[in-house]
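This is what each chain is made of:
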Amino acid sequence: MVVPTYNERDRLEELVVAVFAACEARGVALEMVIVDDNSPDGTGALADGLKDRFRLQVVHRAGKLGLGTAVVEGFQVASAATVGVMDADFSHPPGLVPDLYQEFHDEGADVVVASRYVPGGSTPDWPLRRRVLSRTACLLARGLSPIRDAASGFFLIRRDIARGTLIKAGGFKICLELIVRSGASRLVEVPYRFDDRELGDSKMSLREAAGYLVQLRDLYRLRLTGPRRPPHVYSRVSVGTGPARR
Ligand SMILES: Nc1nc2c(ncn2[C@@H]2O[C@H](COP(=O)(O)OP(=O)(O)OP(=O)(O)O)[C@@H](O)[C@H]2O)c(=O)[nH]1
Ligand SMILES: [Mg+2]
């Protein structure tokens, strides 16, 4: 699992402990890669301090270079055949990681997306404005992929697909871009409850939202002018739901 971080020292250790514990309990051999962008709050040093206790690599970058490129760099150093991404702020429940992996394995998936927008998924804490924005972002992507939560930042993907796909946008939402550019066909969505961060600040911004629109435009262009892809095989499952496990 790649965990991109920028100023996440408040709960990073707790997250690492929880994700490793969840995987160990289910017999999933986990490797974690933390990609830190020289966080002013010292997240990078804190992450280094965890390397003795966990199978963990830390990539230090010079400054805030963006979430998307952080994830791509994490994929480059990961040694596992299945790679994934999750946020550091407990919005993505650690207990779901082994469920995602199980789906990946059982379905022979190319990509497993943790989804807020299939039955069983939710965003209970969000105000109406954020719900509308997020739903709209996902709706705008429906012409590109059958995935309901195209804006998800919590997913697993075959490493060969992730590494072999050139990503153009450096922005927040790379799952959709990986799916569209690679032509990945076995896509699975697993519902989860997205909990708002309790500590630290959001890095989502108007700039990131604008970047998403540019990304969509480029992907629609590619779809219209690029080589024809085989139709997507789409399988949606309902497992691993319930309250976020902390
Ligand atoms: N390395 C790196 N990580 C980043 C960067 N921007 C965001 N992140 C991390 O990416 C994850 C998602 O960022 P968040 O700020 O939680 O974005 P969000 O979940 O859309 O917004 P909230 O719901 O408000 O938390 C977190 O783990 C951040 O620390 C970046 O530029 N570089
Ligand atoms: Mg967050």
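Coordinates for the structure precede this section.
A few points on the structure. (Residues numbered from 1 in each chain as written. Chains lettered and ligands numbered in written order. Predicted model: local features only at pLDDT ≥ 70, side-chain atom pairs only at ≥ 80, totals over all residues. Heavy atoms only, no water.)

1. Thoughts on the overall build of the protein
Across its full length, the protein carries 8 helices and 8 strands. Rg of the C-alpha trace for the protein: 17 Å, near the compact-globule value of 18 Å for 246 residues, within the 12% margin. When its C-alpha atoms are laid out on the principal axes, the protein stretches across 50 × 40 × 35 Å. Across the 246 residues that make up the protein, the buried fraction comes to 51%. Pairs at least 24 apart in sequence give 81% of the contacts found in the protein among residues at least 6 apart. Surface exposure of the protein reaches about 11,300 Å², of which carbon and sulfur atoms provide 54%. Each charge class in the protein was averaged separately, 34 positive and 30 negative side chains, and the resulting centres sit 8 Å apart. (Helix = DSSP H or I, 4+ residues; strand = E, 2+ residues; numbered from the N terminus. Rg over C-alpha atoms; globule rule 2.2 N^0.38 Å. Buried < 20%, exposed > 50% of the residue type's maximum accessible area, 1.4 Å probe, protein only. Contact = heavy atoms within 4.5 Å. Areas by Shrake-Rupley, 256 points an atom, 1.4 Å probe, with all protein chains shown as cover. Lys, Arg positive; Asp, Glu negative; His and termini not counted. Charge placed at Lys NZ, Arg CZ, Asp CG, Glu CD.)

2. What to know about the site of ligand 1
Near ligand 1 lie 20 residues; those nearest to it are Glu8, Asp37, Asp89, Ser202 and Lys203. In this structure, a nitrogen atom belonging to ligand 1 sits 3.1 Å away from a main-chain N or O atom of Val35. (Near = heavy atom within 4 Å. Polar contact = N/O pair within 3.5 Å; in protein donor to acceptor, adjacent residues only side chain to side chain.)

3. Quick look at the environment of Ala162
Counting through the fold element by element, Ala162 comes out in helix 6 (residues 159-164). A relative accessible area of 7% means that Ala162 is categorised as buried. Sequence-wise, Ala162 and Glu189 are 27 residues apart; in three dimensions their C-alpha atoms are separated by 17 Å. Once residues within four sequence positions are removed from consideration, Ala162 is found in contact with Phe75, Val83, Ile157 and Leu178.

4. What to know about the packing of helix 5 (residues 128-140) against helix 8 (residues 206-225)
The N-to-C vectors of helix 5 and helix 8 enclose an angle of 15 degrees; their axes lie 11 Å apart at closest approach. With respect to helix 8, the axis of helix 5 lies roughly parallel. For the pair helix 5 and helix 8, the crossing hand works out as left-handed. Contact with helix 5, carried on its side by Ala137, Cys138 and Leu140, involves Tyr212, Leu213, Leu216 and Tyr220 of helix 8 and no other residues of that element. Across the contact of helix 5 with helix 8, the residue classes tally to 7 nonpolar, no polar and no charged. (Axes fitted to C-alpha atoms, helices over the stretch in contact; angles between N-to-C directions. Parallel < 35°, antiparallel > 145°, perpendicular 65-115°, else oblique. Left-handed = near helix turned anticlockwise from the far one by under 90°. Nonpolar A, V, L, I, M, F, W, Y, C, P; charged D, E, K, R; others polar.)

5. What to know about the packing of aromatic side chains
For the coordinates displayed, the defined rule picks out 4 aromatic pairs. Ring geometry for Phe154 and Tyr192: centres 5.6 Å apart, planes at 85 degrees, overall edge-to-face. Residue Phe154 is found in the loop between helix 5 and strand 6 (155-158), and its partner Tyr192 is found in the loop between strand 7 (186-191) and helix 8; the two are separated by 38 residues along the sequence. Between Tyr192 and Phe194, the aromatic rings sit 6.5 Å apart at their centres with planes inclined by 55 degrees, giving tilted as the arrangement. Connected via pairs of aromatic rings, a cluster forms that spans Trp126, Phe154, Tyr192 and Phe194. One Lys or Arg, Arg11, reaches over the ring of Phe90 and ends 4.0 Å from the middle of that ring. It is Lys64 that lies over the ring of Tyr6; its NZ or CZ is 5.3 Å from the centre. (Phe/Tyr/Trp six-rings, centres within 6.5 Å; stacked < 30°, edge-to-face > 60°. Lys NZ or Arg CZ within 6 Å of the ring centre and 35° of its normal.)

6. Focus: the pattern of salt bridges
In total, this model carries 17 salt bridges according to the counting rule given. Notably, a salt bridge pairs Glu107 with Arg186, separated by 3.7 Å at the nearest N-O pair. Linking Glu107 in helix 4 (residues 96-107) with Arg186 in strand 7, this pair joins segments that are 79 residues apart in sequence. Judged by relative accessible area, which is 25%, Glu107 ranks as partly exposed. We classify Arg186 as partly exposed; its relative accessible area is 31%. (Salt bridge = Lys/Arg side-chain N within 4 Å of Asp/Glu carboxyl O.)

7. Observations concerning the pairing of strand 5 (residues 111-115)
Burial analysis of strand 5 places 5 of its 5 residues in the buried class, which makes it a mostly covered element. Across the two faces of strand 5 the burial is the same, with Val111, Val113 and Ser115 and Val112 and Ala114 all buried. Here 5 bridges tie strand 5 to strand 7, and the two strands are oriented parallel to one another. Each residue of the ladder has a partner; that of Ala114, found in strand 7, is Val190. (Pairing = 2+ DSSP bridges.)

8. Overview of the environment of Leu222
With respect to the helices, strands and loops of the structure, Leu222 is situated in helix 8. It is 8.8 Å that separates the C-alpha atoms of Leu222 and Val180, two residues lying 42 residues apart in sequence. Look past the residues within four positions of Leu222 in its chain and what remains in contact with it is Val180 and Arg181.

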